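Spelled out from the first residue to the last, the chains are:
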Amino acid sequence: QVQLVESGGGLVQPGGSLRLSCAASGSISSIHAMYWYRQAPGKQRELVAITSGGSTTYAESVKGRFTLSRDNAKNTVYLQMNSLKPEDTAVYYCNARFRSWSSLLNWGQGTQVTVSS
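Residues numbered from 1 in each chain as written. Predicted model: local features only at pLDDT ≥ 70, side-chain atom pairs only at ≥ 80, totals over all residues. Heavy atoms only, no water.

Student: Help me understand the pattern of salt bridges in this model?
Tutor: Once the charged atoms of two side chains with opposite charge are near each other, the side chains can pair. Applying the stated criterion across every chain, the model contains four salt bridges. Close ionic contact of Arg38 with Glu46 constitutes a salt bridge, the shortest N to O distance being 2.7 Å. Each of Arg38, Glu46, Arg65 and Asp88 takes part in a single network of salt bridges with overlapping partners. (Salt bridge = Lys/Arg side-chain N within 4 Å of Asp/Glu carboxyl O.)

Student: I tried to follow the state of the cysteines on my own but got confused; where do I start?
Tutor: Covalent bonding between the sulfur atoms of two cysteines is what defines a disulfide. Applying the stated criterion to the full structure yields one disulfide. Here Cys22 pairs with Cys94 through a disulfide, and the sulfurs are 2.0 Å apart. Because the sign of the S-S torsion sets the handedness, a value of about 70° for the bond joining Cys22 and Cys94 places this disulfide among the right-handed ones. With a gap of 72 residues between them, Cys22 in strand S3 (residues 18-24) and Cys94 in strand S9 (residues 90-97) connect regions that are remote in the sequence. Classification of Cys94 by relative accessible area gives buried; the value is 1%. (Disulfide = S-S within 2.5 Å. Helix = DSSP H or I, 4+ residues; strand = E, 2+ residues; numbered from the N terminus. Buried < 20%, exposed > 50% of the residue type's maximum accessible area, 1.4 Å probe, protein only.)

Student: Looking at this structure, how should I read unusual backbone geometry?
Tutor: Outside of glycine, negative phi angles account for most residues, and trans bonds account for most peptide bonds. Even without being glycine, Asn75 reaches a positive phi, approximately 50°. Positive phi outside glycine occurs at Ser83, with the angle close to 50°. Inspection of the secondary structure assignment puts Ser83 in the loop between strand S8 (76-81) and S9. Overall, the relative accessible area of 39% leaves Ser83 in the partly exposed class.

Written out as structure tokens, the structure reads:
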């Protein structure tokens, strides 16, 4: 099974930016959909962005601030996060489905994003 490894998290001040990376151990060119999720302390994991079939959808809370992109040649998906807010603090995870009917892959370790002054 393809493994996904997230990186790029860190501590950033409010208003700052980070770019997260999700590196896959295999080709992502034929993957049906790729996702970014996040989980804040004491809260359920929530969907941040999904890309599938050439279109990308964002959660209302991040729309206009976050941008998901993918580089099939590098088997990597990115999440550019701008104008970060303290409420964006969470562990961020990527995931994927190979087909519309298939399950999500095993969850990775995620990458911690902390927005604080």
